[in-house]
Amino acid sequence: MNRVNVQSYVPSVHTYLGIQLLFPEDLEYDRRYPLLVLLHGRGKGRGQWEHMVYLEDLVDEKKIFVAMPQGNQSAFVNLMSGERWGDFLNRELPDLLSGWFPIRTEREGRGVLGVDMGGYGALRAVEGYALQGAVCPVCDLADLYETDYHPYPKALFGPKEDLARNGYPVLSWEETKTSSCLREQMQEALQDMVKRGGELGWY
Amino acid sequence: MVLMQFQIHSKILQMETDVWALIPGTKPAPRRPNGQNQERTGPEENQEETWKVLWLLHGGVGDHTFWLRHTPIESIAESYGNLAVILPDAYGSSCVDTVSGARFGTYLSQELPGILRRILPKLSDKREDNWVSGFSNGGYGSLYLGFTFPESYGAVGAFGAGDKADADFTNIEAEKERLFGKGDLHSSPYCASQLVKDLGKSDRPKPILCHGCGSEDPWRDMNEIVRDAILSVPGDPYHYEFRIWEGLGHSSACCEAAIRYFIQKMMEQ
């Protein structure tokens, strides 16, 4: 397995972002590979998934690219403050990655899986990804308002009472936990995503 | 530009290697004086199908981060739009296939380009679009690579670069033996002057060769020995240029001046 950390200016969020990618060692010429995007949770960074689950076998055996972008505290959705993290996730990130690397360009070749706050963004990323999945997702952004979340949720998503109107619906999600341990839940969700990728003909 | 920091497994070296790359990309648009942004430059920029590639080697006391930290290489390369800069780590190898079995020359000139061209398909695989350059030990490395593996490079930019065969290895004999073996190096595969002469007599492709150093470089004499060897090759097959940068030494300032000159020359070919 090889890895790269990319630092690139991303217009939709007006700043430079880090994107960590893992990819198979022996890439073939003239072949494009499926992409799995893993989104981190609140207070964490793009290294969260790799710290919690073992990705090397997945990358090397299934021959896929795994991308782990920095999301700051955005939940990977467009913000009222103007940074369009949802557009980044659904449009700009796939376009950038398939422009640089041999990654499949069509939606059917992509999946996204998020934990916690990243789960909210992942579940909403229908535009960019054929597969969406989540682990312990934040389903209602209102839950963030009474916590110590920074930046202040109101600054990111607007007043709590206006969440739905501002385009931040409550999501329905059925958690099928077989473990109370987050690491195991993340591993399980990853395996499920791998299985679903197989059903889409990724490998 | 976009900075990519790779960790790549090399089968030849049997180790993980560090490689940085600067590739063309979107940059922030400058702000107007009144604080408003101009239209953002979008991903439509820099949509060249392939990028020319500069393989840029660090010096003896340095690593893959050297050029980015000590020179404005990004702003120099960025102005051309379709140039990628690859910054590999040579791990103190002088970029050679060492006698002790660490084949850094083969890794840098064969394996790494092959790997990176599959990771970044826009890197040009045409010989004339691939140039190797460096300063100090990296300058020597570019001579070694360019004249040992001339099929890989259309041009060599060797700056602050003397020949290992002329170097003084007092107090570092062990390092010399690890890399190059014992004895006089003038009749070894590591003698840059001999590599240049031998290639000149062969049917193999000949890279364009740019060479030079600062006027105050303490190893200016070693650069001039190599210069004289190159000038002795009949017919000037390398379209050779030798430059002295007045007032500059063996320094980051000379690195900048040299690489700015080399990139401009090659991009305007």
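Cut-off values and rules
- Residues numbered from 1 in each chain as written.
- Chains lettered and ligands numbered in written order.
- Predicted model: local features only at pLDDT ≥ 70, side-chain atom pairs only at ≥ 80, totals over all residues.
- Heavy atoms only, no water.
- pLDDT = per-residue confidence, 0-100.
- Contact = heavy atoms within 4.5 Å.
- Disulfide = S-S within 2.5 Å.
- Buried < 20%, exposed > 50% of the residue type's maximum accessible area, 1.4 Å probe, protein only.
- Phe/Tyr/Trp six-rings, centres within 6.5 Å; stacked < 30°, edge-to-face > 60°.
- Core = buried A, V, L, I, M, F, W, Y, C linked by side-chain atoms within 4.5 Å.
- Buried area = accessible area lost by both parts, 1.4 Å probe.
- Salt bridge = Lys/Arg side-chain N within 4 Å of Asp/Glu carboxyl O.
- Polar contact = N/O pair within 3.5 Å; in protein donor to acceptor, adjacent residues only side chain to side chain.
- Helix = DSSP H or I, 4+ residues; strand = E, 2+ residues; numbered from the N terminus.
- Axes fitted to C-alpha atoms, helices over the stretch in contact; angles between N-to-C directions.
- Parallel < 35°, antiparallel > 145°, perpendicular 65-115°, else oblique.
- Left-handed = near helix turned anticlockwise from the far one by under 90°.
- Nonpolar A, V, L, I, M, F, W, Y, C, P; charged D, E, K, R; others polar.

K.L.:
What is the right way to look at the confidence of the model for chain B in this model?
P.N.:
A low pLDDT score tells you not to read the predicted coordinates there in detail. Confidence in the prediction for chain B averages 92 pLDDT; 93% of positions are at 70 or higher. Here residues 38-46 of chain B is a poorly scored stretch, pLDDT under 50, and it has 18 contacts once near neighbours within four places are set aside; other chains count.

K.L.:
Would you take a moment to explain the state of the cysteines for this structure?
P.N.:
Each disulfide consists of one covalent bond between the sulfur atoms belonging to two cysteines. Residue and element names in this part refer to chain A. Enumeration according to the criterion identifies zero disulfides over all chains in this entry. Not part of a disulfide, Cys139 finds its nearest cysteine sulfur in Cys136, a span of 9.9 Å. In this model Cys181 remains outside any disulfide bridge; the closest cysteine sulfur is found in Cys136, 10 Å from its own. Taking relative accessible area as the criterion, Cys181 reaches 31% and is therefore assigned partly exposed.

K.L.:
Quick question: what am I supposed to make of the packing of aromatic side chains here?
P.N.:
To describe a pair of aromatic rings, you give the distance between the ring centres and the angle between the ring planes. Residues and elements named next belong to chain B. Under the counting rule described, the total for this entry stands at 24 aromatic pairs over all chains. Measuring from ring centre to ring centre gives 6.5 Å for Tyr240 and Phe242, while their planes differ by 35 degrees; the resulting arrangement is tilted. Exposure remark for Phe242: the relative accessible area of 22% places this residue in the partly exposed category. Taken together, a centroid distance of 5.6 Å and an interplanar angle of 65 degrees make the contact between Trp245 and Tyr261 edge-to-face.

K.L.:
Sorry, what's going on with the nonpolar core here?
P.N.:
Note on soluble globular proteins: their nonpolar side chains tend to be buried together. The biggest cluster of nonpolar side chains holds 102 residues, and the ones touching the most others in it are Trp100(A), Phe101(A), Phe157(A), Met4(B) and Phe6(B). Residues in contact with Phe157(A), not counting those within four places in the same chain, are Gln73(A), Ser74(A), Ala75(A), Val77(A), Leu79(A), Met80(A), Leu141(A), Leu144(A), Tyr145(A), Leu163(A), Asn166(A) and Tyr168(A).

K.L.:
Sorry, what's going on with the interface of chain A and chain B here?
P.N.:
By convention, interface size is frequently given as the accessible area that disappears when the constituent parts associate. Listed as interface residues are 21 residues of chain A and, on the opposing side, 25 residues of chain B. Regarding the contact of chain A and chain B, the summed buried area is about 2100 Å², with carbon and sulfur atoms giving 56% of it. Linking Lys11(B) and Asp26(A) is a salt bridge whose minimum nitrogen-to-oxygen distance equals 2.7 Å. Connecting chain A to chain B are seven residue pairs in polar contact (both at pLDDT 80 or more). Secondary-structure elements contributing two or more residues to the side of chain A that touches chain B are strand S1 (2-10), strand S2 (15-23) and helix H3 (85-100) of chain A.

K.L.:
Looking at this structure, how should I read the packing of helix H4 (residues 137-148) of chain B against helix H6 (residues 192-201) of chain B?
P.N.:
Two quantities define a packed helix pair, namely the angle between the helix axes and the distance between the axes. Residue and element names in this part refer to chain B. Running from N to C, H4 and H6 point in directions that differ by 30 degrees, and their axes come no closer than 9 Å. Between H4 and H6, the angle is such that the two are roughly parallel. Helix-helix and strand crossings are classified by hand; for H4 and H6 the assignment is left-handed. Taken together, the residues of H6 that come into contact with H4 (itself represented by Tyr140, Leu143, Tyr144, Phe147 and Thr148) are Ala192, Leu195, Val196 and Leu199. Looking at side-chain class alone, the contact of H4 with H6 contains eight nonpolar, one polar and no charged residues.

K.L.:
Whenever I open this one, the pattern of salt bridges confuses me. Can you help?
P.N.:
When their charged atoms lie close together, side chains carrying opposite charge are able to pair. Across all of its chains, the model carries 20 salt bridges over all chains by this definition. In this structure, Arg227(B) and Glu224(B) form a salt bridge, with 4.0 Å as the shortest nitrogen-oxygen distance. Taken together, the residues Arg227(B) and Glu224(B), both in helix H7 (residues 220-231) and three residues apart, mark about one turn of the helix. With relative accessibility at 23%, the residue Arg227(B) sits in the partly exposed group. Where Glu241(B) meets Lys265(B), a salt bridge forms, and the shortest distance between an N and an O atom there is 2.8 Å. With Glu241(B) in strand S8 (residues 241-245) and Lys265(B) in helix H8 (residues 252-267), this pair connects stretches of sequence that are 24 residues apart. With a relative accessible area of 30%, Glu241(B) lands in the partly exposed category. The exposure class of Lys265(B) is buried, given its relative accessible area of 19%. Here the residues in one salt-bridge network are Arg84(A), Asp87(A), Arg91(A) and Glu127(A), joined through shared partners.

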